[in-house]
Structure formats: structure tokens, C-alpha cells
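Each chain, written out:
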Amino acid sequence: MLRKDMFHKAAFFLPMSILAMLGLVPLIAGMLEQPFYVSLFARIVIYALAAMALNLSLGYAGLVSFGHALFFGVGSYCVAIPAFYGIDSGWMQLGICIVACAVLGGITGLISLRTTGIAFIMITLAFAQMGYFVFVSLKNYGGDDGMTISNPSKFFSVSLGDLNTLYYVAFFLLCVVTWFMWRLHSSLFGMVLRGAKQNTRRINASGFPAKKYQLVAYVISSIICGIAGLLFANLNAFASPSTLAWSVSGDLIVMVVLGGIGSVAGPFIGAFVFLGLEEILKAYFEHWMVVFGPIIVLIALLGKSGIAGWLNSIDHRLTRLRNQYRTMKNSSPVPAEEKSA
């Protein structure tokens, strides 16, 4: 339930403002006659969706996965390969994507969860690299050069080949996933995941099989990331093995860390800041990465809990100041004139 005091908190107001702004992008771009902005922010929304998926695994369950690019890339090819055979039904492609990512997530999750820490990171990275080299070797589907998608996904009469339609579909899914993560955060499932992140043995001793909960979270995370890949393929009308590269997983982790690990709105704030800064710096600097790196490090150092944690600290300070002001106001001495009256 939303409380009235939430609307006065920066940690609530800023994410909602960003979402509201994202919802108006196609209208503003149409007024300015700049369709490029729709394409740019569609990319941000899709990566935000993938970052939200990773946050379920990384932030809630404490599973530092360096292999979510596997599901992102598979989601892209779930559009490209059926389209290669003339299948442009979005429902069929979505079904293939969900099943493929669920199976892959289940298999890789079962194996990876037998380890912890650095070993878990390296195994998930290895699975992603295996997927990368599998798609590079598929010469019939473009190999290293990738595949052009001539027929975008169609859901009845709605085609994702239309940029505005694709944008609103991605934005709607981002809102749904954000709501889902908000509900999950305070649910029993979410509390077990966060408890397992802190102390797995204690959760097991409480009667909750932590590994099973973590596996379910990992599979759900894989499916959402695959759906983001499906949207990304439609945005670019192209699928490439580069979407399975380790650098994509690295970018997603940076977005989650930048926005705030384990927070509800942190990942899409991180994606918005990360990709927004990248685009701005590209416009003004030839060697933009030299500037981009230190800025990201500086932001991370200023708020160890990410931007969401920094906003929460601002809210705590403002709340403390308001409480101090109310205490001082209530305990202030009554003037002598009022006493005599």
C-alpha cells in the first residue's frame, strides 16, 4: 500500500518522475520531430528491464551472475531464428523465448548453485561464453556477423516493427516488472531470498530450502532478461552473438550497482544514468570512455549503496531534521505574557 508520506520522499519521487518522463518520450519526440529520442530511450527502457531481472538474482538472492548476457542473447535469437523461417508470430516467439530461457536458467542455475562466491561468478561467465561461441559457430544463422530480422514480431495486428509501439510495449513491461519487484520485496518469497543472501544456514534451519528459492529466483530472472533480449532484437531488427558477450553482463552489473543493489527502483535508475551519460559524453568527447570511467567510479564512491541508497540517506536526514524541528517547537518555553493570561 502507498502511504501519503511516501510522496514526500526522494527515494520514491525521483523514480516515479523518471517513469513519468519515460512515458512521455514518444509524445515529446513527436513534437520535436526527433524519432532518434524514441530509439535512444527504448534502448534505455530495454536495458532497464534486463537490469531489473539481474537485480532479482544479484540484489535479492545474492547470486552474482556474470552470465545474464546468455539469456539476453538467446532472447534475441528467439526472434531472429523463427523469422529466418518466416515465423513472425510474436506469441510463438515469446513462448519459445520463455521456454528456452527457463530451461537454460534451470540447467545453468542447478549447476552454478552447487558453488558460491567467485566460483559461482566464473561458472555463470563460462556458460555465457559457451553460448557466445555456439552462436558464432552457427554459420547458417549469420555466425559472427549476426542476422538481420526482416519480419518483426507481430502480436495479432500489433507489430513491434513500429518504433512507438515497441517503445510503449517495453515501457509497459518495465512498469509491470517494477510493480512485481516491489510486491516481491516484502513478500515471504522475497524475505526468504534476502535472508538467504545474509545467512543461508539460518534460512535452512528455519525450514525454508534456500537453494530452491534461489533457483526459482534465478529462473524468473533468466526469463525476464530473455524477454528484454526479444525486445532488443526488434528494436535493432538484428541479432548478433555480441549480445551474449561478457561485456553485456558487465554493463548490467554496473547498472544495478550504480542504481542500488537490492532496491526496487535502483536498476532502472542505474540504466537511465549509465546509458544517458554514455550518450551525452559521446556527443562531446571523442575518447568518451576516458571520462566515463572516472565519473562512474566517483558516483559509486559517493554512495556505497548506489543512487537509491543515496536518496534514502537524504530522506533519513530530512526526516531527522523535521523530527528535531518538531521537538524543539513542542518543547519551546511559553512566553510570560501567555502564562499571565
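So, how was this worked out
- Residues numbered from 1 in each chain as written.
- Predicted model: local features only at pLDDT ≥ 70, side-chain atom pairs only at ≥ 80, totals over all residues.
- Heavy atoms only, no water.
- Helix = DSSP H or I, 4+ residues; strand = E, 2+ residues; numbered from the N terminus.
- Buried < 20%, exposed > 50% of the residue type's maximum accessible area, 1.4 Å probe, protein only.
- Contact = heavy atoms within 4.5 Å.
- Areas by Shrake-Rupley, 256 points an atom, 1.4 Å probe, with all protein chains shown as cover.
- Salt bridge = Lys/Arg side-chain N within 4 Å of Asp/Glu carboxyl O.
- Core = buried A, V, L, I, M, F, W, Y, C linked by side-chain atoms within 4.5 Å.
- Axes fitted to C-alpha atoms, helices over the stretch in contact; angles between N-to-C directions.
- Parallel < 35°, antiparallel > 145°, perpendicular 65-115°, else oblique.
- Left-handed = near helix turned anticlockwise from the far one by under 90°.
- Nonpolar A, V, L, I, M, F, W, Y, C, P; charged D, E, K, R; others polar.
- pLDDT = per-residue confidence, 0-100.
- Expected span 1.5 Å × (residues − 1).
- Phe/Tyr/Trp six-rings, centres within 6.5 Å; stacked < 30°, edge-to-face > 60°.

### Focus on the overall build of the protein
Logical step 1: The secondary structure content of the protein amounts to 15 helices and four strands.
Logical step 2: Oriented by its inertia axes, the alpha-carbon framework of the protein measures out at about 95 × 60 × 45 Å.
Logical step 3: The buried share of the protein, taken over its 341 residues, is 45%.
Logical step 4: Long-range pairs, those at least 24 residues apart, make up 77% of the contacts in the protein between residues at least 6 apart in sequence.
Logical step 5: Roughly 17800 Å² of accessible area belongs to the protein as shown, and the carbon and sulfur atoms make up 67% of that amount.

### Notes on the pattern of salt bridges
Logical step 1: A complete count under the given rule lists three salt bridges for this structure.
Logical step 2: Close ionic contact of lysine 154 with aspartate 88 constitutes a salt bridge, the shortest N to O distance being 3.7 Å. One end of the pair, lysine 154, is in strand 2 (residues 154–155); the other, aspartate 88, is in the loop between helix 4 (69–84) and helix 5 (90–112), and 66 residues separate them in sequence.
Logical step 3: By relative accessible area, which is 38% here, lysine 154 ends up partly exposed.

### Some points on the nonpolar core
Nonpolar side chains tend to gather and get buried jointly when the protein is soluble and globular.
Logical step 1: In this structure, Phe72, Tyr167 and Phe268 are the most contacted members of the largest nonpolar core, which totals 96 residues.
Logical step 2: The element best represented in this core is helix 3 (residues 35–60), accounting for 18 residues.
Logical step 3: When near neighbours in sequence (up to four residues on either side) are disregarded, phenylalanine 72 contacts Ile46, Tyr47, Ala50, Cys225, Ala228, Gly229, Phe232, Thr243 and Val248.

### Some thoughts on the packing of helix 5 against helix 6 (residues 117–137)
Logical step 1: At a minimum axis separation of 10 Å, helix 5 and helix 6 run at an interaxial angle of 150°. Classified by the angle their axes make, helix 5 and helix 6 are roughly antiparallel. Once helix 5 is placed against helix 6, the crossing between them reads as right-handed. Residue-level contacts link Thr108, Ile111 and Ser112 of helix 5 to Phe120, Ile123, Thr124 and Phe127 of helix 6.
Logical step 2: Along the lines of polarity and charge, the residues of the contact of helix 5 with helix 6 split into four nonpolar, three polar and no charged.

### Some remarks on the confidence of the model for the protein
Logical step 1: Confidence in the prediction for the protein averages 87 pLDDT; 92% of positions are at 70 or higher.
Logical step 2: Between residues 1–7, whose pLDDT stays under 50, and residues either more than four places distant or in other chains, the model counts eight contacts.

### What about the packing of helix 2 (residues 25–32) against helix 7 (residues 163–185)?
Logical step 1: In the contact formed by helix 2 and helix 7, the axes pass within 10 Å of each other and the chain directions differ by 155°. One way to sum up the angle between helix 2 and helix 7 is to call them roughly antiparallel. Each of Val25, Pro26 and Leu27 in helix 2 lies in contact with helix 7, whose residues at this interface are Asn164, Tyr167 and Tyr168.
Logical step 2: Taken together, the residues of the contact of helix 2 with helix 7 sort by class into five nonpolar, one polar and no charged.

### Comments concerning helix 10 (residues 210–236)
Logical step 1: Helix length check: helix 10, at 27 residues, gives a terminal C-alpha distance of 39 Å against a target of 39 Å (1.5 Å per residue), a fit within 8%.
Logical step 2: Along helix 10, 22 of the 27 residues are buried, which leaves the element largely enclosed by surrounding structure.

### Focus: the environment of glycine 306
Logical step 1: Topologically, glycine 306 is positioned in helix 14 (residues 306–331).
Logical step 2: Look at glycine 306 and you get buried, because its relative accessible area is 4%.
Logical step 3: For the pair glycine 306 and phenylalanine 285, spaced 21 residues apart in sequence, the C-alpha separation works out to 26 Å.

### Examining the packing of aromatic side chains
Logical step 1: The final tally for this structure, using the stated rule, is 19 aromatic pairs.
Logical step 2: Where phenylalanine 84 meets tyrosine 141, the ring centres are 5.5 Å apart and the plane angle is 85°; that geometry is what we call edge-to-face. Placement of the pair is phenylalanine 84 in helix 4 and tyrosine 141 in the loop between helix 6 and strand 1 (147–148), with a sequence separation of 57 residues.
Logical step 3: Residue classification places phenylalanine 84 among the partly exposed positions, given a relative accessible area of 47%.
Logical step 4: The interplanar angle of 75° and the centroid separation of 6.3 Å between the aromatic rings of tyrosine 85 and tyrosine 141 together place this pair among those described as edge-to-face. Residue tyrosine 85 is located in the loop between helix 4 and helix 5, and its partner tyrosine 141 is located in the loop between helix 6 and strand 1; the two are separated by 56 residues in the primary sequence.
Logical step 5: Note on tyrosine 85: relative accessible area 54%, which makes it exposed.
Logical step 6: Judged by relative accessible area, which is 17%, tyrosine 141 ranks as buried.

### Considering the side chain of asparagine 55
Logical step 1: Within the secondary structure layout, asparagine 55 lies in helix 3.
Logical step 2: For asparagine 55, a relative accessible area of 2% puts it in the buried group.
Logical step 3: Contacts of asparagine 55, omitting those with residues within four sequence positions, involve Tyr60, Val256, Gly260, Ile261, Gly262, Ser263 and Pro267.

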